[in-house]
Every structure is written in C-alpha cells, then in structure tokens.
Number of protein chains: 2
Amino acid sequence: MNDRTATAPAATTAYPYSPGLEGVPAAETALGYVDGAAGRLTYRGYRIGDLVEHGTYPAVANLLWTGDWMPSHHLPTAPVPPAVMTALRSLPRAAKPMDALRTAVSTWGATQVLDWPATPDQARALTAFSPSALAAFARIRRGLEPIEPDPDLDLVPGFLYQLTGERPDAGTARALDAYFIVGAEHGLNASTFTARVITSTRSDLASAVCGAIGAMKGPLHGGAPSEVVEQIHKVGSPERAEQWVRDAVERGERLMGFGHRVYRAYDPRAAALRKVAESMEHKPDWLELAIKVEDVALRVLAEKHPERALKTNVEYYAAAVLQGVGLSPDLFPATFALARHAGWTAHILEQSADNRLIRPDAIYTGPGERDLPA
Amino acid sequence: MNDRTATAPAATTAYPYSPGLEGVPAAETALGYVDGAAGRLTYRGYRIGDLVEHGTYPAVANLLWTGDWMPSHHLPTAPVPPAVMTALRSLPRAAKPMDALRTAVSTWGATQVLDWPATPDQARALTAFSPSALAAFARIRRGLEPIEPDPDLDLVPGFLYQLTGERPDAGTARALDAYFIVGAEHGLNASTFTARVITSTRSDLASAVCGAIGAMKGPLHGGAPSEVVEQIHKVGSPERAEQWVRDAVERGERLMGFGHRVYRAYDPRAAALRKVAESMEHKPDWLELAIKVEDVALRVLAEKHPERALKTNVEYYAAAVLQGVGLSPDLFPATFALARHAGWTAHILEQSADNRLIRPDAIYTGPGERDLPA
C-alpha cells in the first residue's frame, strides 16, 4: 500500500524555524565584528582603517591567529608541493580558478600531517601556500612556467611576483596588500560558517578551507567585484564620468559598487582602500578614474535617491585595486579567497579551541511511513 | 591606547544561543526521517528495511534524487577523467583515502560544467564517478593499475570489481549494496548540513560534496566502524565469544557497535543489514562470527546493564560487512562517504530547489573597539 496520505511525523525541534538561520547565533567569536549601522569593522577590536594604515596582511593574519599585534610580522609565500603542481598541470586550462584553488588546497591537505586541533602553524602554512598555487595555475593556463617563491618578499608582493614574473613596485604591492587586509575577515559569513561546521567534526584545516572555498564560489556569497570593472571600463575616462553616471541613473540602472546588505553607512573597508589609494605617490590612471567615478556617483545618487543610503561598498575599491594591479577579472574571486584564508583559518582555530559538533535539526516535511509500491 | 577594558558590542541576534545549533531547525527536508525512540528510519517515507529488501543502491539513490521508486534502476560506475587520474597518481601513497576522495571530487568538479541549479544528472554523474576514483587510488597506492568500469555491473559490484580486479559473487555484492543503502542518507548530520550551506550560496554540486567529505572525515561525525573490526578480530572464533564478551564487560570496557546517540531502540539499519546477512545462501565465516558476538553481547549487556538501552548500532554490521567483503579498515570512512553521496546530492537538489542563503549570526565576545598598541 502506498500510504501517501499518512501524516508526516511532527517536528521535534525546540526552536522556531528561521529559514537561512537568519538571526540565529551559531558561534561565539572574538575575531571580526561588523557594525553595519555605524559603518564599523574591527578585527579583535582594532579598526579596519587602522590595520590598513599601520599593518600588512601577514601582521593582520597573525593578529587574527594569535591575538598578538606584531606589525613587522613577515610571511613569504610557500613553495607548491610536487603533487599539487602535477594536479594543477593536469587541469583543463579553462577550469575556473576557484576550482583550481579548491583542488590545490585539497591536494595540499593530502600531502600534509594536519593533526587535531588546528594550530597557528598549520594556518600559516596553508595561507602561505595558496597564493603560490593560484599564481602557478594562472601561469600554467597561459602556457607559462610557474615561478618559485622569493623568500625575501612578503605574502602579497610575493603573490604578484609569482603571478607576473616581476617584483611589483611598492605602490602596487601596498594597494593589493590593503585589499587582502580588508578581505581577511568578516564575521560568520557562509564560507566561514562552512569552515566552522567542518572543523566541528574534528576534521582537519585543509578540509575546512576546501569547504569554505566551495561556499565562497557561490554568487550569493558576495564579494564578486568583476562587474564593477566593466562599469569603470564603460565610463572610460574621468571627463566622461559625470555624464555616464547621470545617464545610467536616469535609465534606472543599478550602479555597481554602491549599497550593501549590512552597511548602511560608508563601508569602512572601502574607506580604508580609498585612503591607501589616495596616499599613493604615483596614482595610476585607473585609480584617478575610480575616485572620480565614485565622487560623481555618490553625488548623483544622493541627489536622485536621497531616501536610500547608497554608499560605496568594498566591491567598488576592490575592483579598482584588483584590476589596477593587473589581475584578470576571472581571478578576482580566487584572490578574494586568498585574502579570506586568514579569517577562515582564525575561525578554525577558534572553533577547535572550544569545540562542539555543529549539528542542527531538520524539519521533516515528507510523506509519512508507507509501504513500497507493489 | 590599548583599550582592553572597553565593553564588547552587545549581541543583536533574536534567538537564544544554542551551542552546536542543537535543537535548531536549519532546513526542511522530505528525504530521510529518523525516529530514534521507535528505532525507525525512512527515506521519503519508505522503511529502510523494505528498501534494503526490495531495492538496490542505484534504485534508492534514484528515489532520493527524484522521488520515484524504480527498483530496477541501473547505475554503473563512471570512468575517471584523465586529470583526476593524474592527480590521484601524484598523491603520496600514505595519503588518507578520504583526502584522496576529496581531491578526486574537487578535480572532477574542475573538469565539469556544473551549472546552477544542481540536477539529478549531475548527482548521478558524481555518484557514479566517486567509487571509480576511490578504487583507483586504492590500487595506485598498492602499485597496481586502476581498472576501467564494467558498464554491465551496477554501482556497488562495479566498485568491488574496480577495487579487486574480480567480479564479486552475488552474496558479497548484495551485502555491500545493503551497506550502501543504509548509509545513503540520515537527515541533517554535519556533512549533509555542510553540503546544504555550500549549496545555499548557489555554489556547485562538486564544491558541496567536497565540503561534505571534509566534514565526514572528522571523528565526531560518526560512522567509523573500524574499531568494531578490531573487536571481532580479538574475539577470534564463535566459541570464544561468550567468554570474551563477559570478560570485557567485567573489566568495564565499552563494547564497540552498541548504543547510539539517537537510537534508543535497535538501530533499523543494523536490523536491515543483519537480515540481508542472515539470508545469504553461503554465510561467510566472518558473518557467523559477527552474529554470534552480537547475540552474546546483547544478552550480556541486558543482564549486566538492564537500565541502559544498549542495542546494536549500524557500525556493528557495517564493520562486519565492510571487512567481510574484503575492504581494508582504512578504506571504511571513504566507503561510507561513497554511500552517502546519494543523500548528500539529494539534499543539494532539495536545497537548490527552494534556496535561501544559510548565514547564521555570531555572538561577538572579543574586545571592544580599541586603538592599536603604539
């Protein structure tokens, strides 16, 4: 008898259902704190703007991992183990960089001893490895040979060197380093939560970061600034900015890089990136253009939509910086993943230190118990 | 000023904090339903015992993916793409099979077009691929050549063939197929939840299964029956069972394979596996021994600990079947992962069909906003 009319078993959960776990606290953290209303972001209490001004990505990563502020902390990129290089060389050249990075991290994990609980040394090793792996894939797919790390370069200039074959000038390195700092951590977003869920089974750091990369790959995760690049390209030159923005707003088009789910005020990450950019001795053309477009856009948006709090978001300057330092737009998501390694691994350390299996309930909505059809 | 005394920002979440999200509903599902008190498990309403008795793993997987019960549904294993084979060959021979499987799935994903939303065809393709990949790695690490799939064999006998080079007899294939069926799905455990969180960002099926494998790798996930094998080996022969079990219980040792977090009654998966095993025409020695040890253990446990509801759990017969069909214990976790592919991918389909980003809150417990140390 196919008993489709049987009553489904009742849900036995103690909490009301909140789709997407919105508003449900799933972890305690002392790492990132986001105050969207005030436009504030702190890592372990330190303002993101101060961290960008006084720190480097390795110093910020170390702060997240250990709680200690050591502004001169150095972290060069690490060599790619042969097994990973073989895996990367075997991928189709058209493979997505995020898939290549996920595969590199998984292969790396298979070559390491990663005992529980995760340690700052494990976090450091993976964070130093991944930029080399992504740079290697980016070269291999263009038919170029990967470049060995330069131990004298810190992580971000080292990544650029392994990507391009040239040691970047100070301004370029500084701009991308600032991007890495503001991308390092942002509380319990979907990818970080994924890393914590995987860690909560007492699994290893590489498994958790693999899962996090997979989650970040999804377009709903946010942090995909490549559309901003197209917009800046369309504007073309500073003198066209005013007209282009006005026309776009008149047509009812959405300006990319403005407005945010959480931040109602100016995104503190955008502010920090803009400040770094503006202080560069030799501002490249792309930066002049981005600043000009932003000024015009904020003015026009305030004039046309005074009721909305549309401020610059992090994607805007992220896009400007990423394309400005020469990254192709299809590398943006994976570069964001490199930056977020610090936060993911810091959350993994935090979860490991006070662990409890994360295992929510499901509400069963299917058919009641029934016989198989004859 | 290092303002360590500043007040931490207050939590703004609407729900009370439940560590590990215990009792918190995080998804709706019409797939697996676990009634631990009654010792019942259903997939889409059908009792696990009936599914094992009348179905095969491909039929059960298809039921989970589509809702249709087609008992003659056929699914052979799929070939391993060259990029994956290269990646597997490059891994250290001592790599953990779970790490190898995670890397294989990640590499496979990098070679596929996996558009959103996930489809039953994608689920079928990955579920058919993974057994071939694990079998290939299991051979490569022993210095043997991988074996191509036999399209005439269904998934489970096909996996055994690619592992051993011999087509399994019907009883062996049936026993492992039953194990795959009872391992296929079990509601919102940590690995399945991981797959749903990753999917909720609109990421792809391979990314989600990669994350799930990573979560299942953790010892807190459960489903690691290799300790049961050691126990059965220690008993050695049926005639020694009574004395061995009594001695172990007297010494206060825990008997592996008895008792469960959720099931207070006899685990329906263990019951289903035992039934298949008992109905085998030629019961192998290992099975006779396992049945004998179980009978003795249940009797002694009831006698010595009448207050506890210690019943046989799924690990017990899982271990018996897995070692009985010739798998080495270090392949057990990855074989469990192969079986769970059906459930993971079915949850991915379910999440994709009615998606909402899963993004819980964090409770910030760190220092309040402060200046960097001078």
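Residues numbered from 1 in each chain as written. Chains lettered and ligands numbered in written order. Predicted model: local features only at pLDDT ≥ 70, side-chain atom pairs only at ≥ 80, totals over all residues. Heavy atoms only, no water.

### A word on the relation of the copies chain B and chain A
Consideration 1: Taken as rigid bodies, chain B and chain A are interconverted by a rotation of 180 degrees and an axial shift of 0.0 Å, the fit giving an RMSD of 0.0 Å. Expressed as a symmetry operation, the mapping of one chain copy onto the other fits a two-fold axis.
Consideration 2: Interface residue correspondence from chain B to chain A reaches 100%, placing this contact among same-surface, isologous pairings. (Least-squares fit on C-alpha atoms with pLDDT ≥ 70 in both. Contact = heavy atoms within 4.5 Å.)

### Some remarks on the environment of Gly222 of chain A
Consideration 1: Here Gly222 of chain A shows up in the loop between α9 (205-216) and α10 (226-235).
Consideration 2: Separated by 125 residues in the primary sequence, Gly222 of chain A and His347 of chain A have C-alpha atoms spaced 19 Å apart. (Helix = DSSP H or I, 4+ residues; strand = E, 2+ residues; numbered from the N terminus.)

### Things to note about the sheet that holds strand β2 (residues 32-35) of chain A
Residues and elements named next belong to chain A.
Consideration 1: Spatially, the 3 strands line up as an open sheet ordered β2-β3-β4, and their pairing is antiparallel. In this open sheet, the two strands that pair with only one neighbour each are β2 and β4 (46-47).
Consideration 2: Judged from the 2 bridges that link them, strand β3 (residues 40-43) and β4 form a sheet pairing that is antiparallel. Its bridge partner lying in β4, Tyr43 is registered against Tyr46. (Pairing = 2+ DSSP bridges.)

### Things to note about the packing of helix α7 (residues 170-183) of chain A against helix α15 (residues 332-353) of chain A
Residue and element names in this part refer to chain A.
Consideration 1: Packing of α7 against α15 brings their axes to within 7 Å, and their N-to-C directions diverge by 65 degrees. When the axis of α7 is compared with that of α15, the two are roughly perpendicular. Two packed elements cross with a definite hand, and for α7 against α15 that hand is right-handed. On α15, the residues touching Tyr179, Phe180 and Gly183 of α7 are Phe332, Thr335, Phe336, Leu338, Ala339 and Arg340.
Consideration 2: Along the lines of polarity and charge, the residues of the contact of α7 with α15 split into 6 nonpolar, 2 polar and 1 charged. (Axes fitted to C-alpha atoms, helices over the stretch in contact; angles between N-to-C directions. Parallel < 35°, antiparallel > 145°, perpendicular 65-115°, else oblique. Left-handed = near helix turned anticlockwise from the far one by under 90°. Nonpolar A, V, L, I, M, F, W, Y, C, P; charged D, E, K, R; others polar.)

### Section: the pairing of β3 of chain A
Residues and elements named next belong to chain A.
Consideration 1: Bridge analysis of β2 against β3 gives 4 bridges, and the strand direction is antiparallel. Looking across to β3, one finds that Gly32 is bridged to Tyr43.
Consideration 2: Counted along the chain from β2 to the antiparallel partner β3, the turn is 4 residues long, and its residue Gly39 has a positive phi close to 70 degrees.
Consideration 3: Connecting the antiparallel pair β3 and β4 is a turn made up of 2 residues, with Arg44 showing a positive phi of about 50 degrees.

### Details of the packing of helix α2 (residues 57-66) of chain A against α7 of chain A
Residue and element names in this part refer to chain A.
Consideration 1: Viewed as axis vectors pointing N to C, α2 and α7 meet at an angle of 15 degrees, and their least axial separation amounts to 9 Å. By the angle between their axes, α2 is roughly parallel relative to α7. For α2 against α7, the interelement crossing comes out left-handed. Where α2 abuts α7, its residues Tyr57, Pro58 and Val60 lie against Asp177, Phe180 and Ile181.
Consideration 2: The residue inventory of the contact of α2 with α7, partitioned by class, reads 5 nonpolar, no polar and 1 charged.

### Some points on the domain arrangement of chain A
All names here are of chain A.
Consideration 1: You can read the domains of chain A as domain 1 (40-221 + 333-353) and domain 2 (224-324).
Consideration 2: Relative to domain 2, the C-alpha centre of domain 1 lies at a distance of 27 Å.
Consideration 3: Between domain 1 and domain 2, the contact holds 16 residues from the first and 12 residues from the second.
Consideration 4: Both sides of the domain 1 and domain 2 interface together cover about 1,200 Å² of buried area, and 80% of this is carbon and sulfur.
Consideration 5: Contact with domain 2 buries surface across domain 1, with Tyr179, Val182 and His186 losing the most and accounting together for 36% of the total. (Domains from an automatic or database assignment. Buried area = accessible area lost by both parts, 1.4 Å probe.)

### Brief notes about the pattern of salt bridges
Consideration 1: Under the definition given, this model contains 44 salt bridges over all chains.
Consideration 2: With a closest N to O distance of 2.0 Å, Asp371 of chain B and Arg47 of chain A form a salt bridge. You can see Asp371 of chain B sitting in the segment after β5 (361-364) and its partner Arg47 of chain A sitting in strand β4, one on each of two chains.
Consideration 3: Its relative accessible area of 29% is what places Asp371 of chain B among the partly exposed residues.
Consideration 4: A residue is classified by how much of its surface remains accessible, and Arg47 of chain A, at 26% relative accessible area, is partly exposed. (Salt bridge = Lys/Arg side-chain N within 4 Å of Asp/Glu carboxyl O. Buried < 20%, exposed > 50% of the residue type's maximum accessible area, 1.4 Å probe, protein only.)

### Focus: the interface of chain B and chain A
Reports of interface size often rely on the accessible area that becomes lost once the parts have come together.
Consideration 1: The partner chain A presents 92 residues to the 92 residues of chain B that form the contact.
Consideration 2: The contact between chain B and chain A buries some 8,600 Å² in all, and 60% of this surface belongs to carbon and sulfur atoms.
Consideration 3: On the chain B side of the interface with chain A, the three residues burying the most area are Tyr15, Arg359 and Leu372 of chain B, jointly 9% of the side's total.
Consideration 4: Among the ionic pairs, Arg40 of chain A bridges to Glu369 of chain B, the shortest N-O distance being 3.5 Å.
Consideration 5: For the side of chain B that touches chain A, the element with the most residues is helix α4 (residues 97-111) of chain B, which contributes 8 residues.
Consideration 6: Here the side of chain B that touches chain A is composed, by residue class, of 42 nonpolar, 32 polar and 18 charged.
Consideration 7: The pairing of strand β1 (residues 25-29) of chain A with β5 of chain B spans 4 bridges and is classified as parallel. Bridge pairing links Thr29 of chain A to Tyr364 of chain B in β5 of chain B.

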